[in-house]
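A structural walkthrough
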Amino acid sequence: MTVREYQRVDWAGVADLWRRNPSKEFPLLGLDPDAVGGVLRKTEGIGIRFLLGLARLFGRPILLVLVVEVDGRLVGTSLLNFTPEAAYVSGVVVDRSVRRQGHAQAMLRACDDLGRRYHRPVLVLDVLSQNDPAIRLYDRWGYQPLRDQIWLARTFGPDTPLPLPSGETRIRPYLHRDGAQLAELDNALMPPEVRKILPRHREDFGMSGVARNVLQSDVASWVAEVDGRPVGFLRSTVSRLMQAANLSSPLFGAGVPQPVARDLLLTALRWAESRRAPRVLTEVPEHEWRMCPLLDSLGFVERFRSHTLIHRLTA
Ligand SMILES: CC(C)(COP(=O)(O)OP(=O)(O)OC[C@H]1O[C@@H](n2cnc3c(N)ncnc32)[C@H](O)[C@@H]1OP(=O)(O)O)[C@@H](O)C(=O)NCCC(=O)NCCS
C-alpha cells in the first residue's frame, strides 16, 4: 500500500472511487461523479484542487490531493488545503472492498506529516454527525470537537414561491474593497477558539475566475448596506457539476435588523432560482444559529448536522 500525491492519470480512478463510494451528502448536493471525472480529465489537475469547493468551501484552493494505491488500484482519496492558520482535510474516502485495513489512518498520518512540513500546527475537518465510522476513526486519531454546523436545504418550485425583497434595503453587488470589513464583522461574531483556527480573511469573499471556469459555475455575491457600511454578505453559486445551488454561510452583523437580513437572503435565493437550480443548500455554523428562525420562515429545512473537528499536532 502506498499513500502518494494525485497525478493526472489518476482522474478515472478517483471518479470511479467516488462513484462507487458516494458520501451521504452527494444526493443532496446532486453531485455527479462522472461530471467530476470529466473535469479532472480536462483540467490537468487544476480541477481537483477546487473539488472541495464543490462540497462546501467555494473559493478556497486545495493544495494537495492524496491517493492510496494497493496493487496498482486506486482505493482511497484525501484532499488537503491550507489556510494561513491550519490544514483542512476533506474528501476522505476508502473503497468499501478494502475498509478496516488502516488505509484511512495511513492518509491521516500523511496529512499530519504535511501539516508539520508546511508549519500548520492544527488540522481541521468536518464530519456529518451520523457518520459513526468516520467519527470513530477521527476520535481514535486524536481529533477533538471545535464547533457544530447545520446544513439546511430549500426546494424551489411552484409550490414554494419566493416573496420579493422589500425594496427598502440597500443591496448591491460585492466589491473587492468590502472584504476587509466583512472579515472583521465575521471574526467579531466567532467564539475566540474558532477565530484562532478558522478566522475569515478578506480574500475569502471573492472567487477566482479559474475556480469559476473549472467548476463550470456561475457566481454572484451581494452585500447589504446600512449607513454606508456592509452589514451582511451572501454568495450564490450554481455549478454544472451538481444540481443544488450553494449559498455561502449567511453572514450578518450582530445588530442587523431582520428585514435587512431577509431582503439579502431573498435576493440570493431568487438569483439561484432563476438559474433553474431545483434546490439550494447552505451551512450555518454555530455562531450564526440565531439566523435559523429566519431561514425556517423562508422555507429552509434542516438536513444534516456536522461536527468541525481539530487535531493539534505535537512537534
Ligand atoms: C470512514 C472511512 C474513511 C474509514 O476508512 P478505513 O480505511 O476503513 O479506516 P481504517 O481502517 O483506517 O480505520 C481506523 C479505525 O477507525 C475506526 N473505524 C473505521 N471504520 C469503522 C467502522 N465502520 N465502525 C467502527 N469503527 C470504525 C476503527 O477504530 C478503526 O480501527 P480498527 O479497524 O483497528 O478497529 C471509510 O469507512 C469510508 O470511506 N467511508 C465513506 C466515506 C466517508 O464517510 N468518509 C468520511 C468523510 S468525513
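Residues numbered from 1 in each chain as written. Predicted model: local features only at pLDDT ≥ 70, side-chain atom pairs only at ≥ 80, totals over all residues.

**Concerning the overall build of the chain**
Helices and strands together make up the secondary structure of the chain, namely 12 helices and 13 strands. Classification of the 315 residues of the chain by burial places 45% in the buried group. Of all intrachain contacts in the chain linking residues separated by at least 6 positions in sequence, the fraction that spans at least 24 positions is 73%. (Helix = DSSP H or I, 4+ residues; strand = E, 2+ residues; numbered from the N terminus. Buried ≥ 20, exposed ≤ 12 C-beta atoms within 10 Å, placed from the backbone. Contact = placed C-beta atoms within 7 Å.)

**Section: the site of the ligand**
Of all residues adjacent to the ligand, which total 19 residues, the nearest are Arg99, Ala104, Gln105, Pro133 and Leu137. Looking at the shell around the ligand, the elements with two or more residues in it are β4 (87-94), α6 (103-117) and α7 (132-141). Considering each element in turn, the shell around the ligand owes the most residues, 5 residues, to α7. Each residue belonging to the shell around the ligand can be placed in one class, and the counts come to 8 nonpolar, 7 polar and 4 charged. (Near = placed C-beta within 6 Å. Nonpolar A, V, L, I, M, F, W, Y, C, P; charged D, E, K, R; others polar.)

**Quick notes on the pairing of strand β13 (residues 301-312)**
Relative to β13, strand β5 (residues 122-128) is paired through 7 bridges, and the arrangement is antiparallel. Across the sheet, Leu128 pairs through a bridge with Ser306, a residue of β13. As paired elements, strand β6 (residues 144-155) and β13 share 9 bridges and run antiparallel to each other. Across the sheet, residue Gln149 finds its bridge partner in β13, namely Ser306. (Pairing = 2+ DSSP bridges.)

**What about the environment of Val284?**
By the secondary structure assignment, Val284 is in strand β12 (residues 279-285). Along the chain, Val284 and Pro250 lie 34 residues apart, while their C-alpha atoms are 6.9 Å from each other. Excluding its chain neighbours within four sequence positions, the residues that come into contact with Val284 are Gln149, Ile150, Leu152, Ser249, Pro250, Trp289, Met291 and Cys292.

**Let's talk about unusual backbone geometry**
The phi torsion at Asp71 lies on the positive side, around 50°, for a residue other than glycine. Here Asp71 lies in the loop between β2 (64-70) and β3 (73-82). Taking the C-beta count within 10 Å as the criterion, Asp71 has 6 such neighbours and is therefore assigned exposed. The backbone phi angle of His119 is positive, close to 60°, even though this residue is not glycine. Looking at the element boundaries, His119 is found in the loop between α6 and β5. A tally of 9 C-beta atoms within 10 Å means that His119 is categorised as exposed.

**Quick look at the environment of Leu123**
Locating Leu123 in the fold gives a position in strand β5. The buried category is assigned to Leu123, around which 25 C-beta atoms lie within 10 Å. Separated by 38 residues in the primary sequence, Leu123 and Glu85 place their C-alpha atoms 9.3 Å from one another. Leave out the neighbours within four places in its chain, and Leu123 touches Ala86, Ala87, Val89, Cys111, Asp112, Gly115, Ile310 and His311.

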